[in-house]
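Residue-level structural notes
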Amino acid sequence: MCDTLCVLGDGATLFAKNSDRPVSEPQLVTWQPRRRRGPSLLTQYLDIVDDGAAATLLSRPDWLWGAEHGVNEHRVAIGNEMVDTVDDPAAAPPALIGMDLVRLGLERATTADDAVDVITTLLERHGQGGICDEVHGVSYWSSFLVADPTSAWVLETSGRRWAARPVSRGDAIS
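Below is a short write-up of the structure. (Residues numbered from 1 in each chain as written. Predicted model: local features only at pLDDT ≥ 70, side-chain atom pairs only at ≥ 80, totals over all residues. Heavy atoms only, no water.)

1. A short note on the nonpolar core
- Ranked by size, the top nonpolar core spans 25 residues in total, and within it I78, L101, L104, L122, F144 and V146 carry the most contacts.
- When residues of this core are traced back to their parent elements, those giving at least two are α1 (98–108), α2 (112–126) and β11 (141–147).
- The dominant element in this core, judged by the number of residues it contributes, is α2, at 7 residues.
- Ignoring sequence-local partners within four residues, the contact set of I78 consists of F15, E68, H69, G70, V102, G105, L106, A115, I119, F144, L145 and V146.
- Counting residues in each nonpolar core, the second largest holds 8 residues, with L8, A147, A152 and I173 among its members. (Core = buried A, V, L, I, M, F, W, Y, C linked by side-chain atoms within 4.5 Å. Buried < 20%, exposed > 50% of the residue type's maximum accessible area, 1.4 Å probe, protein only. Helix = DSSP H or I, 4+ residues; strand = E, 2+ residues; numbered from the N terminus. Contact = heavy atoms within 4.5 Å.)

Next comes the structure, spelled out in structure tokens:
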């Protein structure tokens, strides 16, 4: 079972995530330095506009561009979980996947509020789709927990649709 949780404190946030990725799939912990704006950026399946990037610490499967979870230099943390809905993710054409959205949210946001805006804007513009689990050939939608030292959000997605709610003291997604 994959879980992400956060607890908001007085100017500090506890953020934690575990992963249920296939055991044969290495997880890399990588430091990505700041990056200047460029003409384009190749995510897992799409070329999109490169808005530059904040420095990030990411945990990601070795075959993916995106990340399971991470934190950026502005102390924004994001984790994602697989979520089942009535929409069929296997029918969606390759687009952004949840792990791309985690990384892009961290690269482009200075607050949790900004990260929700970044993720939902990219989701509406580019859509969501593609294999997320190479070992089993599985596609899925994502749920996100987004936090900074003073606020947090739960963001649920299905295709291009999304719903978000603020976290009051703490929350977990699974």
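2. Focus: the packing of aromatic side chains
- Tallied over the full model, the rule gives 0 aromatic pairs.
- The ring of W65 has R103 lying over it, and the distance from NZ or CZ to the ring centre is 4.2 Å. (Phe/Tyr/Trp six-rings, centres within 6.5 Å; stacked < 30°, edge-to-face > 60°. Lys NZ or Arg CZ within 6 Å of the ring centre and 35° of its normal.)

3. A few points about the pairing of strand β4 (residues 38–42)
- Bridge count for β4 against strand β5 (residues 47–50) is 3 bridges, and the pairing is antiparallel. Of the residues in β5, the one forming a bridge with L41 is I48.
- The antiparallel pairing of β4 with β5 creates a hairpin that spans 4 residues between the two strands. (Pairing = 2+ DSSP bridges.)

4. Comments concerning the sheet that holds β11
- Overall, antiparallel pairing links the 7 strands, which are arranged β3-β6-β7-β8-β11-β12-β13 in an open sheet. Each having just a single partner strand, β3 (27–32) and β13 (161–166) make up the two edges of the open sheet. The average undirected angle you get between the axes of adjacent strands in this sheet is 20 degrees.
- The pairing of strand β7 (residues 69–72) with strand β8 (residues 77–83) spans 3 bridges and is antiparallel. Counterpart to G70 in the pairing with β8 is I78.
- Against the sheet, α1 engages β3, β6 (56–61), β7, β8 and β11, with an angle of about 165 degrees to β8. (Axes fitted to C-alpha atoms, helices over the stretch in contact; angles between N-to-C directions.)

5. Structural notes on the layout of surface pockets
- There is about 220 Å³ of room inside the largest pocket.
- Forming the boundary of the largest pocket are 13 residues, of which C2, D20, E81, M82 and Y140 lie nearest the centre.
- If you tally residues by element for the lining of the largest pocket, the top one is β8, at 3 residues.
- Broken down by class, the residue content of the lining of the largest pocket amounts to 6 nonpolar, 2 polar and 5 charged. (1 Å grid on protein atoms, 1.4 Å probe; cavity = no way out; pocket = protein on both sides within 12 Å on 5 of 7 lines; lining within 4 Å. Points joined across faces, edges and corners; volume = space filled by probe spheres on them. Nonpolar A, V, L, I, M, F, W, Y, C, P; charged D, E, K, R; others polar.)

6. Considering unusual backbone geometry
- At R75, a position not held by glycine, the phi torsion is positive, near 70 degrees.
- Position of R75 among the secondary structure elements: in the loop between β7 and β8.
- Judged by relative accessible area, R75 falls into the exposed class, the value being 54%.

7. Quick word on the sheet that holds strand β14 (residues 170–173)
- Here 3 strands make up an open sheet; going across it, the order is β2-β1-β14 and the pairing antiparallel. Across the chains shown, the open sheet's two edge strands, defined by having one partner strand only, are β2 (13–18) and β14. Direction aside, neighbouring strands of the sheet carry axes that sit 5 degrees apart on average.
- Pairing geometry for strand β1 (residues 3–8) and β2, over 6 bridges, is antiparallel. Bridged to L5 within β2 is A16.

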